[in-house]
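# Understanding the architecture of this molecule
Given next are the chains, with one letter for each unit.
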Amino acid sequence: MKIIYLSLGMVSLGLGILGIPLPILPTTPFLLLAIACFARSSKRFEKWLYNTKLYQTYVADFRETKSIAKERKKRIIIQIYVLMGISIFFAPILWVKIGLFCLTIFITYYLFKVIPDKD
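Reading the values: the criteria
Residues numbered from 1 in each chain as written. Predicted model: local features only at pLDDT ≥ 70, side-chain atom pairs only at ≥ 80, totals over all residues. Heavy atoms only, no water. Helix = DSSP H or I, 4+ residues; strand = E, 2+ residues; numbered from the N terminus. Contact = heavy atoms within 4.5 Å. Phe/Tyr/Trp six-rings, centres within 6.5 Å; stacked < 30°, edge-to-face > 60°. Buried < 20%, exposed > 50% of the residue type's maximum accessible area, 1.4 Å probe, protein only. Lys NZ or Arg CZ within 6 Å of the ring centre and 35° of its normal. Axes fitted to C-alpha atoms, helices over the stretch in contact; angles between N-to-C directions. Parallel < 35°, antiparallel > 145°, perpendicular 65-115°, else oblique. Left-handed = near helix turned anticlockwise from the far one by under 90°. Nonpolar A, V, L, I, M, F, W, Y, C, P; charged D, E, K, R; others polar. Polar contact = N/O pair within 3.5 Å; in protein donor to acceptor, adjacent residues only side chain to side chain. UniProt positions renumbered as here; feature names shortened; annotations may be inferred.

Glancing now at the environment of G19. Summarising the element assignment, G19 is placed in the loop between helix 1 (2-18) and helix 2 (27-41). Measuring from C-alpha to C-alpha, the distance between G19 and K47 comes to 22 Å, with 28 residues separating the pair along the chain. With residues up to four places along the chain from it excluded, the contact list for G19 reads L25 and T27.

Here's what the structure looks like:
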């Protein structure tokens, strides 16, 4: 079972890293999943991930307080709008463009209405 959790943790970590430049992949949930998998498979990898700048930047604040600072939210949404705008512009199919636009609206709603602001 440890091998399965370790493998799933590695895949989640990889997807989380890919999610940094790609707005369609959510970085924080994948990194949270990686931490959970490493906790069940390898304390060494769990400790390593806790000490990385990646964890400190994308996960630590949210995991500890269940909130995100307003300034961080603004930076996140600007990145999402820029990258999704580029994706929508270059998408060859109208339905893909509409889907990406709807996803952008959902992400905006979720980020600003569901996740509380950090005080």
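Text resumes after the structure shown.
By the definition in use, this model includes four aromatic pairs. Measuring from centroid to centroid gives 5.4 Å for F38 and F45, while their planes differ by 25 degrees, and the two rings are stacked. Looking at F45, the relative accessible area reads 22%, which means it is partly exposed. With a centroid separation of 5.0 Å and 90 degrees between ring planes, the pair formed by Y50 and Y55 is classed as edge-to-face. Exposure remark for Y50: the relative accessible area of 24% places this residue in the partly exposed category. The class for Y55 is buried, based on a relative accessible area of 4%. Between the NZ or CZ atom of R40 and the centre of the ring of Y5, over which it lies, the distance is 5.9 Å. Over the ring of F45 we find R44; its NZ or CZ atom is 5.4 Å from the centre of that ring.

Moving on, we come to the packing of helix 1 against helix 2. The N-to-C vectors of helix 1 and helix 2 enclose an angle of 160 degrees; their axes lie 8 Å apart at closest approach. By the angle between their directions, the pair helix 1 and helix 2 is classed as roughly antiparallel. When the axes of helix 1 and helix 2 are compared, the crossing they make is left-handed. Contact residues: helix 1 offers K2, Y5, L6, L8, G9, M10, S12, L13, L15 and G16, while helix 2 offers T27, F30, L31, L33, A34, C37, F38, R40 and S41. Here the residues of the contact of helix 1 with helix 2 sort into twelve nonpolar, five polar and two charged.

What follows concerns the side chain of S41. When you line up the elements, S41 lands in helix 2. With relative accessibility at 14%, the residue S41 sits in the buried group. Reaching out from S41, the side chain makes a polar contact with the backbone oxygen of C37 at a distance of 2.9 Å. With sequence-adjacent residues up to four places away left out, S41 is seen in contact with K2, Y5 and L6.

Another point: the UniProt feature "transmembrane region" (unreviewed entry) in the chain. As recorded in UniProt, the sites labelled "transmembrane region" (unreviewed entry) are residues 20-39 and 80-112. End-to-end, the C-alpha atoms of residues 80-112 are 13 Å apart, and along that stretch the chain is 91% helix and 0% strand.

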